[in-house]
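Descriptive analysis of the structure
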Amino acid sequence: MSSGSEVSLPPAFAARFPERTLRDQRATLVAIDAHGTILWANAAWRAFAEANGGRDVLVRFGVGSSYFDGISGPLRTFYQQAFHTAFALSEVFEQEYECSSPEEARLLRLRALPVPGAGLLLEHSTVWQHAQDRPEEAALEARYLGPNGMVVQCSYCRRVRRASHAHWDWVPRWVREPHTLTSHGLCDVCLALTLGRRARST
Amino acid sequence: MRAKVLIVDDDANTRHALRTLLELEGIAADTCPSSLEALHRLETGAYDVLLTDFVMPRMTGLELTEAARAAQPELRCYIISGQSRPPTCPDDVAWFPKPLDVDALLARIA
(Lines give C-alpha, C1' and ligand atoms only; values in the text may rest on other atoms or scores of the structure.)
Protein backbone atom coordinates (compact mmCIF):
# COMPACT_ATOMS: atom_id res chain seq x y z
CA MET A 1 0.00 0.00 0.00
CA SER A 2 1.34 3.44 -0.90
CA SER A 3 0.65 6.81 0.73
CA GLY A 4 0.16 8.24 -2.76
CA SER A 5 2.93 10.83 -2.70
CA GLU A 6 4.96 9.12 -5.43
CA VAL A 7 2.03 8.00 -7.61
CA SER A 8 1.05 9.94 -10.73
CA LEU A 9 -2.53 10.83 -11.49
CA PRO A 10 -3.89 8.15 -13.89
CA PRO A 11 -4.00 9.37 -17.53
CA ALA A 12 -7.79 9.38 -17.83
CA PHE A 13 -7.99 11.73 -14.84
CA ALA A 14 -5.03 13.83 -15.98
CA ALA A 15 -6.74 14.35 -19.35
CA ARG A 16 -9.58 16.13 -17.55
CA PHE A 17 -7.81 17.69 -14.58
CA PRO A 18 -4.25 19.02 -14.86
CA GLU A 19 -2.30 17.14 -12.20
CA ARG A 20 -0.28 20.18 -11.15
CA THR A 21 -3.50 22.07 -10.44
CA LEU A 22 -4.92 19.20 -8.39
CA ARG A 23 -1.73 18.71 -6.40
CA ASP A 24 -1.78 22.31 -5.17
CA GLN A 25 -5.45 22.40 -4.16
CA ARG A 26 -6.25 23.06 -0.51
CA ALA A 27 -9.23 20.72 -0.80
CA THR A 28 -8.44 17.05 -0.24
CA LEU A 29 -8.62 15.16 -3.53
CA VAL A 30 -8.72 11.42 -4.10
CA ALA A 31 -9.05 9.56 -7.39
CA ILE A 32 -10.82 6.21 -7.14
CA ASP A 33 -11.74 3.63 -9.74
CA ALA A 34 -15.30 2.42 -10.33
CA HIS A 35 -14.97 -0.06 -7.45
CA GLY A 36 -13.65 2.45 -4.93
CA THR A 37 -9.97 1.54 -5.04
CA ILE A 38 -7.82 4.59 -4.33
CA LEU A 39 -5.64 5.42 -7.35
CA TRP A 40 -4.15 8.76 -6.30
CA ALA A 41 -4.39 11.38 -3.56
CA ASN A 42 -3.09 14.94 -3.25
CA ALA A 43 -0.93 16.42 -0.53
CA ALA A 44 -3.91 17.95 1.27
CA TRP A 45 -5.49 14.48 1.63
CA ARG A 46 -2.31 13.11 3.13
CA ALA A 47 -1.93 16.10 5.48
CA PHE A 48 -5.54 15.78 6.66
CA ALA A 49 -5.18 12.05 7.22
CA GLU A 50 -1.96 12.47 9.19
CA ALA A 51 -3.42 15.27 11.31
CA ASN A 52 -6.50 13.23 12.20
CA GLY A 53 -5.30 9.66 12.39
CA GLY A 54 -1.54 9.54 12.12
CA ARG A 55 0.68 7.87 9.57
CA ASP A 56 -1.05 4.51 10.10
CA VAL A 57 -4.08 5.94 8.35
CA LEU A 58 -2.07 6.50 5.20
CA VAL A 59 -0.83 2.92 5.30
CA ARG A 60 -4.33 1.50 5.76
CA PHE A 61 -6.08 3.89 3.39
CA GLY A 62 -3.36 4.65 0.88
CA VAL A 63 -3.22 4.04 -2.87
CA GLY A 64 -4.41 0.49 -3.63
CA SER A 65 -6.77 0.30 -0.66
CA SER A 66 -10.53 0.73 -0.80
CA TYR A 67 -11.94 4.19 -0.08
CA PHE A 68 -14.96 2.46 1.44
CA ASP A 69 -12.87 0.65 4.07
CA GLY A 70 -12.68 3.97 5.89
CA ILE A 71 -16.47 4.17 6.16
CA SER A 72 -18.40 2.04 8.64
CA GLY A 73 -21.99 1.00 9.15
CA PRO A 74 -24.86 2.02 6.86
CA LEU A 75 -22.89 4.99 5.53
CA ARG A 76 -20.64 2.59 3.64
CA THR A 77 -23.56 1.23 1.62
CA PHE A 78 -24.90 4.76 1.12
CA TYR A 79 -21.66 6.03 -0.43
CA GLN A 80 -21.12 2.89 -2.50
CA GLN A 81 -24.55 3.38 -4.05
CA ALA A 82 -24.09 7.13 -4.50
CA PHE A 83 -20.72 6.74 -6.21
CA HIS A 84 -21.94 3.85 -8.34
CA THR A 85 -24.82 6.01 -9.57
CA ALA A 86 -22.57 9.03 -10.18
CA PHE A 87 -20.18 6.90 -12.23
CA ALA A 88 -22.88 4.99 -14.13
CA LEU A 89 -24.86 8.11 -15.04
CA SER A 90 -21.82 10.37 -15.34
CA GLU A 91 -23.43 12.81 -12.92
CA VAL A 92 -21.79 14.81 -10.16
CA PHE A 93 -22.73 13.72 -6.62
CA GLU A 94 -22.57 16.47 -3.98
CA GLN A 95 -23.17 16.42 -0.26
CA GLU A 96 -22.32 18.41 2.87
CA TYR A 97 -21.50 16.42 5.96
CA GLU A 98 -20.16 16.93 9.47
CA CYS A 99 -16.64 15.66 10.07
CA SER A 100 -15.76 16.92 13.54
CA SER A 101 -13.00 15.86 15.89
CA PRO A 102 -12.88 16.41 19.68
CA GLU A 103 -10.83 19.56 19.02
CA GLU A 104 -12.51 21.00 15.91
CA ALA A 105 -16.05 21.27 14.59
CA ARG A 106 -16.16 20.99 10.79
CA LEU A 107 -18.65 20.93 7.99
CA LEU A 108 -17.22 19.51 4.77
CA ARG A 109 -18.54 19.40 1.25
CA LEU A 110 -17.98 16.30 -0.86
CA ARG A 111 -18.13 16.35 -4.63
CA ALA A 112 -17.73 13.14 -6.63
CA LEU A 113 -16.76 14.09 -10.19
CA PRO A 114 -17.13 11.23 -12.68
CA VAL A 115 -14.35 10.44 -15.12
CA PRO A 116 -15.96 8.24 -17.79
CA GLY A 117 -14.40 4.83 -18.07
CA ALA A 118 -11.95 5.49 -15.24
CA GLY A 119 -13.64 6.33 -11.94
CA LEU A 120 -14.34 9.36 -9.80
CA LEU A 121 -12.39 12.31 -8.48
CA LEU A 122 -13.52 12.94 -4.89
CA GLU A 123 -13.12 16.46 -3.58
CA HIS A 124 -13.59 17.23 0.13
CA SER A 125 -13.56 20.95 0.88
CA THR A 126 -14.18 22.83 4.12
CA VAL A 127 -17.43 24.79 4.40
CA TRP A 128 -16.65 25.96 7.93
CA GLN A 129 -14.32 25.00 10.70
CA HIS A 130 -13.82 26.25 14.25
CA ALA A 131 -12.44 25.10 17.57
CA GLN A 132 -14.92 23.12 19.64
CA ASP A 133 -16.56 25.03 22.47
CA ARG A 134 -15.00 24.14 25.79
CA PRO A 135 -17.58 25.06 28.44
CA GLU A 136 -16.85 24.44 32.11
CA GLU A 137 -18.00 21.10 33.57
CA ALA A 138 -20.54 22.91 35.76
CA ALA A 139 -22.08 24.59 32.72
CA LEU A 140 -22.34 21.24 30.94
CA GLU A 141 -23.95 19.61 33.97
CA ALA A 142 -26.48 22.44 34.23
CA ARG A 143 -27.52 21.75 30.66
CA TYR A 144 -27.41 17.95 30.59
CA LEU A 145 -27.81 16.51 34.09
CA GLY A 146 -31.30 15.07 34.46
CA PRO A 147 -33.50 15.30 37.58
CA ASN A 148 -32.21 11.89 38.66
CA GLY A 149 -28.66 13.26 38.70
CA MET A 150 -27.54 11.33 35.61
CA VAL A 151 -26.42 12.16 32.11
CA VAL A 152 -28.11 10.18 29.34
CA GLN A 153 -25.81 9.36 26.43
CA CYS A 154 -26.90 7.55 23.28
CA SER A 155 -25.06 4.24 23.22
CA TYR A 156 -24.93 4.31 19.39
CA CYS A 157 -23.99 7.85 18.31
CA ARG A 158 -22.82 9.02 21.78
CA ARG A 159 -24.73 12.29 21.65
CA VAL A 160 -26.02 13.50 25.03
CA ARG A 161 -29.61 14.39 25.88
CA ARG A 162 -30.34 17.83 27.29
CA ALA A 163 -32.04 17.91 30.68
CA SER A 164 -34.99 19.54 28.91
CA HIS A 165 -35.24 16.42 26.67
CA ALA A 166 -35.47 18.85 23.73
CA HIS A 167 -32.24 17.94 21.93
CA TRP A 168 -29.42 15.45 21.72
CA ASP A 169 -26.06 17.21 21.41
CA TRP A 170 -22.55 16.24 20.50
CA VAL A 171 -20.46 16.96 23.62
CA PRO A 172 -16.84 16.25 22.60
CA ARG A 173 -15.53 16.05 26.16
CA TRP A 174 -17.96 13.26 27.07
CA VAL A 175 -17.30 11.31 23.90
CA ARG A 176 -13.68 10.84 24.88
CA GLU A 177 -14.48 10.31 28.57
CA PRO A 178 -18.15 9.95 29.60
CA HIS A 179 -19.46 11.75 32.67
CA THR A 180 -19.06 9.61 35.79
CA LEU A 181 -22.85 9.35 36.17
CA THR A 182 -23.81 8.29 32.66
CA SER A 183 -26.80 6.17 31.79
CA HIS A 184 -26.71 4.86 28.23
CA GLY A 185 -29.87 5.29 26.24
CA LEU A 186 -30.96 5.60 22.64
CA CYS A 187 -31.53 8.90 20.84
CA ASP A 188 -34.54 9.38 18.55
CA VAL A 189 -32.51 9.08 15.35
CA CYS A 190 -30.71 5.90 16.42
CA LEU A 191 -34.00 4.46 17.69
CA ALA A 192 -35.57 4.96 14.26
CA LEU A 193 -32.48 3.60 12.52
CA THR A 194 -32.28 0.52 14.75
CA LEU A 195 -35.94 -0.41 14.42
CA GLY A 196 -36.12 0.44 10.73
CA ARG A 197 -33.14 -1.73 9.88
CA ARG A 198 -34.48 -4.63 11.94
CA ALA A 199 -37.99 -4.36 10.50
CA ARG A 200 -36.56 -4.50 6.96
CA SER A 201 -34.52 -7.60 7.77
CA THR A 202 -37.39 -9.63 9.28
CA MET B 1 -43.92 -21.96 24.88
CA ARG B 2 -41.79 -18.87 24.32
CA ALA B 3 -40.30 -16.89 27.15
CA LYS B 4 -42.11 -13.87 28.54
CA VAL B 5 -39.74 -10.98 29.15
CA LEU B 6 -39.77 -8.02 31.53
CA ILE B 7 -37.66 -5.13 30.19
CA VAL B 8 -36.33 -2.59 32.72
CA ASP B 9 -34.60 0.59 31.57
CA ASP B 10 -34.85 4.22 32.67
CA ASP B 11 -34.58 5.35 29.02
CA ALA B 12 -37.93 5.35 27.24
CA ASN B 13 -36.43 4.95 23.76
CA THR B 14 -34.44 1.91 24.84
CA ARG B 15 -37.54 0.32 26.38
CA HIS B 16 -39.47 0.94 23.19
CA ALA B 17 -36.67 -0.42 21.01
CA LEU B 18 -36.16 -3.59 23.05
CA ARG B 19 -39.87 -4.33 23.25
CA THR B 20 -40.33 -3.81 19.51
CA LEU B 21 -37.29 -5.94 18.65
CA LEU B 22 -38.57 -8.79 20.82
CA GLU B 23 -42.11 -8.53 19.48
CA LEU B 24 -40.81 -8.65 15.90
CA GLU B 25 -39.48 -12.09 16.86
CA GLY B 26 -42.81 -13.12 18.43
CA ILE B 27 -41.55 -12.77 22.01
CA ALA B 28 -43.99 -11.20 24.48
CA ALA B 29 -42.54 -8.40 26.60
CA ASP B 30 -43.59 -5.80 29.16
CA THR B 31 -41.59 -2.74 30.16
CA CYS B 32 -40.74 -0.89 33.38
CA PRO B 33 -38.89 2.42 33.88
CA SER B 34 -37.38 1.56 37.27
CA SER B 35 -36.10 -1.31 39.39
CA LEU B 36 -38.63 -0.73 42.14
CA GLU B 37 -41.53 -0.93 39.73
CA ALA B 38 -39.96 -4.00 38.20
CA LEU B 39 -39.90 -5.82 41.54
CA HIS B 40 -43.60 -5.14 41.92
CA ARG B 41 -44.29 -6.40 38.37
CA LEU B 42 -42.27 -9.55 38.99
CA GLU B 43 -44.42 -10.34 42.04
CA THR B 44 -47.63 -10.06 40.07
CA GLY B 45 -46.66 -11.25 36.58
CA ALA B 46 -45.35 -14.54 35.25
CA TYR B 47 -42.02 -13.70 33.67
CA ASP B 48 -39.30 -16.09 32.52
CA VAL B 49 -36.69 -13.48 31.64
CA LEU B 50 -35.58 -10.23 33.27
CA LEU B 51 -33.79 -7.96 30.79
CA THR B 52 -32.47 -4.92 32.58
CA ASP B 53 -30.25 -1.90 32.21
CA PHE B 54 -27.37 -1.69 34.71
CA VAL B 55 -26.97 2.01 35.56
CA MET B 56 -30.29 3.26 36.91
CA PRO B 57 -31.20 5.63 39.77
CA ARG B 58 -31.81 4.20 43.25
CA MET B 59 -31.23 0.52 42.40
CA THR B 60 -28.83 -0.83 39.77
CA GLY B 61 -29.72 -3.62 37.40
CA LEU B 62 -27.42 -5.96 39.29
CA GLU B 63 -29.12 -5.20 42.60
CA LEU B 64 -32.44 -5.77 40.84
CA THR B 65 -31.41 -9.22 39.60
CA GLU B 66 -30.30 -10.18 43.12
CA ALA B 67 -33.60 -9.07 44.64
CA ALA B 68 -35.64 -10.69 41.88
CA ARG B 69 -33.78 -13.99 42.13
CA ALA B 70 -34.34 -14.07 45.90
CA ALA B 71 -38.05 -14.38 45.18
CA GLN B 72 -37.82 -16.30 41.90
CA PRO B 73 -34.55 -18.32 41.72
CA GLU B 74 -35.27 -19.75 38.26
CA LEU B 75 -35.63 -16.31 36.66
CA ARG B 76 -33.24 -15.86 33.72
CA CYS B 77 -31.47 -12.53 34.12
CA TYR B 78 -29.73 -10.49 31.41
CA ILE B 79 -28.10 -7.12 31.92
CA ILE B 80 -27.48 -4.62 29.11
CA SER B 81 -24.99 -1.88 29.83
CA GLY B 82 -22.52 0.60 28.41
CA GLN B 83 -20.33 -0.18 31.44
CA SER B 84 -17.99 -3.13 31.63
CA ARG B 85 -19.12 -6.19 33.58
CA PRO B 86 -18.32 -5.77 37.30
CA PRO B 87 -16.53 -8.64 39.06
CA THR B 88 -19.48 -8.94 41.47
CA CYS B 89 -21.83 -9.99 38.66
CA PRO B 90 -22.68 -13.71 39.03
CA ASP B 91 -21.69 -16.01 36.16
CA ASP B 92 -25.30 -17.00 35.51
CA VAL B 93 -26.30 -13.39 34.76
CA ALA B 94 -25.58 -12.73 31.06
CA TRP B 95 -24.01 -9.35 30.29
CA PHE B 96 -24.65 -7.62 26.95
CA PRO B 97 -22.68 -4.48 26.11
CA LYS B 98 -24.29 -1.41 24.56
CA PRO B 99 -24.57 -0.81 21.65
CA LEU B 100 -26.50 -4.02 21.73
CA ASP B 101 -25.81 -7.02 19.50
CA VAL B 102 -29.48 -7.73 18.85
CA ASP B 103 -28.92 -11.13 17.24
CA ALA B 104 -26.85 -12.33 20.20
CA LEU B 105 -29.54 -11.21 22.64
CA LEU B 106 -32.38 -12.82 20.67
CA ALA B 107 -30.43 -16.06 20.40
CA ARG B 108 -30.15 -16.20 24.19
CA ILE B 109 -33.78 -15.35 24.89
CA ALA B 110 -35.52 -17.39 22.21
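Residues numbered from 1 in each chain as written. Chains lettered and ligands numbered in written order. Predicted model: local features only at pLDDT ≥ 70, side-chain atom pairs only at ≥ 80, totals over all residues. Heavy atoms only, no water.

**Quick word on the interface of chain A and chain B**
Taken together, the contacts link 19 residues of chain A with 22 residues of chain B. With both chains or domains summed, chain A and chain B bury close to 1600 Å², and 58% of this area falls on carbon and sulfur atoms. The three residues of chain A that bury the most area against chain B are His184(A), Leu195(A) and Arg198(A), which together make up 35% of that side's buried surface. Where chain A packs against chain B, one counts one salt bridge. In this structure, the connection of chain A to chain B is made through six residue pairs in polar contact (both at pLDDT 80 or more). Within the residue set of the side of chain A that touches chain B, elements represented by two or more residues are strand S9 (182-185) and helix H8 (188-201) of chain A. Per-class residue counts for the side of chain A that touches chain B are eight nonpolar, eight polar and three charged. (Contact = heavy atoms within 4.5 Å. Buried area = accessible area lost by both parts, 1.4 Å probe. Salt bridge = Lys/Arg side-chain N within 4 Å of Asp/Glu carboxyl O. Polar contact = N/O pair within 3.5 Å; in protein donor to acceptor, adjacent residues only side chain to side chain. Helix = DSSP H or I, 4+ residues; strand = E, 2+ residues; numbered from the N terminus. Nonpolar A, V, L, I, M, F, W, Y, C, P; charged D, E, K, R; others polar.)

**Here we look at the nonpolar core**
If you look at the biggest cluster of nonpolar residues, it comprises 28 residues, and the most contacted ones within it are Val5(B), Leu22(B), Leu51(B), Tyr78(B), Leu105(B) and Ile109(B). Those elements that place two or more of their residues in this core are strand S6 (151-154) and H8 of chain A together with strand S1 (5-8), helix H1 (12-24), strand S3 (49-53), strand S4 (76-81), strand S5 (93-97) and helix H4 (102-109) of chain B. Not counting residues up to four positions away in its chain, the partners in contact with Leu51(B) are Val5(B), Leu6(B), Ile7(B), Val8(B), Leu18(B), Leu22(B), Tyr78(B), Ile80(B), Leu105(B) and Ile109(B). Counting residues in hydrophobic clusters, the runner-up holds 21 residues, among them Cys32(B), Leu50(B), Phe54(B) and Cys77(B). (Core = buried A, V, L, I, M, F, W, Y, C linked by side-chain atoms within 4.5 Å. Buried < 20%, exposed > 50% of the residue type's maximum accessible area, 1.4 Å probe, protein only.)

**Remarks on the pairing of S3(B)**
All names here are of chain B. Counting buried positions along S3 yields five of five residues, so the element is predominantly enclosed. Side chains Val49, Leu51 and Asp53 project from S3 onto one buried face, and the interleaved Leu50 and Thr52 project onto a second face that is buried too. Pairing analysis gives five bridges linking S3 to S4, with the strands arranged parallel. When the bridges of S4 are listed, threonine 52 appears paired with isoleucine 79. Between the parallel pair S3 and S4, the chain is carried across by helix H3 (residues 61-71), and the sense of this crossover is right-handed. (Pairing = 2+ DSSP bridges. Right-handed = clockwise from strand over helix to strand, strands pointing away.)

**Considerations on the sheet that holds strand S2 (residues 38-41) of chain A**
Residues and elements named next belong to chain A. Strand order in the open sheet formed by five strands is S2-S1-S5-S4-S3, with antiparallel pairing between adjacent strands. Looking at strand neighbours, the two that pair on one side only are S2 and strand S3 (93-98), the edges of this open sheet. Neighbour-to-neighbour, the strand axes of this sheet turn through a mean angle of 20°, independent of strand direction. The strands touched by helix H5 (residues 74-89) within the sheet are strand S1 (28-32), S3, strand S4 (104-115) and strand S5 (119-131), with S3 carrying the most contacts at an inclination of about 155°. (Axes fitted to C-alpha atoms, helices over the stretch in contact; angles between N-to-C directions.)

**Things to note about the state of the cysteines**
Residues and elements named next belong to chain A. A complete count under the given rule lists zero disulfides over all chains for this structure. Here cysteine 157 is not disulfide-linked; the sulfur of cysteine 154 is the nearest cysteine sulfur, at 3.7 Å. By relative accessible area, cysteine 157 is classed as partly exposed at 23%. (Disulfide = S-S within 2.5 Å.)

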